[in-house]
Amino acid sequence: MEKDKITVQTTVNKNVERVWECWTDPEHITQWNFAADSWCCPKAENDLKVGGKYRARMEAKDGSFGFDFEAVYDEVVKHKKISYTMTDGRQATTTFETSGTGTLVTTVFDPENQNPLEMQQGGWQAILNNFKAYVER
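Residues numbered from 1 in each chain as written. Predicted model: local features only at pLDDT ≥ 70, side-chain atom pairs only at ≥ 80, totals over all residues. Heavy atoms only, no water.

Asks: What is the right way to read the overall build of the chain from this model?
Replies: Helices and strands together make up the secondary structure of the chain, namely three helices and seven strands. N-terminal to C-terminal, the α/β element order of the chain is β-α-α-β-β-β-β-β-β-α. What you see for the chain is a C-alpha radius of gyration of 14 Å, in line with the 14 Å of a compact globule of 137 residues. Its C-alpha atoms give the chain principal-axis dimensions of about 40 × 40 × 30 Å. Within the chain, the fraction of its 137 residues that count as buried is 37%. Counted over contacts in the chain with a minimum sequence separation of 6, partners at least 24 positions apart contribute 46%. Taken as a whole, the chain presents about 7,800 Å² of accessible surface, with 48% of it coming from carbon and sulfur. Mean positive and mean negative side-chain charge positions of the chain (16 and 21 charges, respectively) differ by 4 Å. (Helix = DSSP H or I, 4+ residues; strand = E, 2+ residues; numbered from the N terminus. Rg over C-alpha atoms; globule rule 2.2 N^0.38 Å. Buried < 20%, exposed > 50% of the residue type's maximum accessible area, 1.4 Å probe, protein only. Contact = heavy atoms within 4.5 Å. Areas by Shrake-Rupley, 256 points an atom, 1.4 Å probe, with all protein chains shown as cover. Lys, Arg positive; Asp, Glu negative; His and termini not counted. Charge placed at Lys NZ, Arg CZ, Asp CG, Glu CD.)

So, in structure tokens, the structure goes:
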């Protein structure tokens, strides 16, 4: 039986070029890629091309926990779409659509099987909300 996918989205009140830059540039990624203020992303690497790797380190600021997130790009369409496969075989796709004066950012991903779906959706949505807040500052 195939698992349901999870969807998170937000509209960022900036043009797609700025949204894309903040989503893909490691200098920006380290500023928003965490779900709560008690976490940080001290390092990110991004080889944004098909077959290229994405890596980000996520850590609790108190040093109590951390993990590496890694993926390989399957599809990259500048200012429109990014798809990748995570190291555990799950896939995710993020799309960028002009919406009024902003950009609708939507990520659809395969859930993992260790945490409740609601928790996973909440975590990914929190990161996306943090992204929106960062870009709109």
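Asks: Would you mind showing me how to read the pairing of strand β4 (residues 66-77) here?
Replies: Note: strand β3 (residues 53-60) against β4, seven bridges, orientation antiparallel. Bridge pairing in β4 places Ala 56 opposite Phe 69. In textbook terms, the turn of a hairpin is the stretch between consecutive antiparallel strands, and for β3 and β4 this stretch comprises five residues, one of which, Gly 63, has a positive phi near 80°. Across six bridges, β4 lies against strand β5 (residues 81-86) in antiparallel orientation. (Pairing = 2+ DSSP bridges.)

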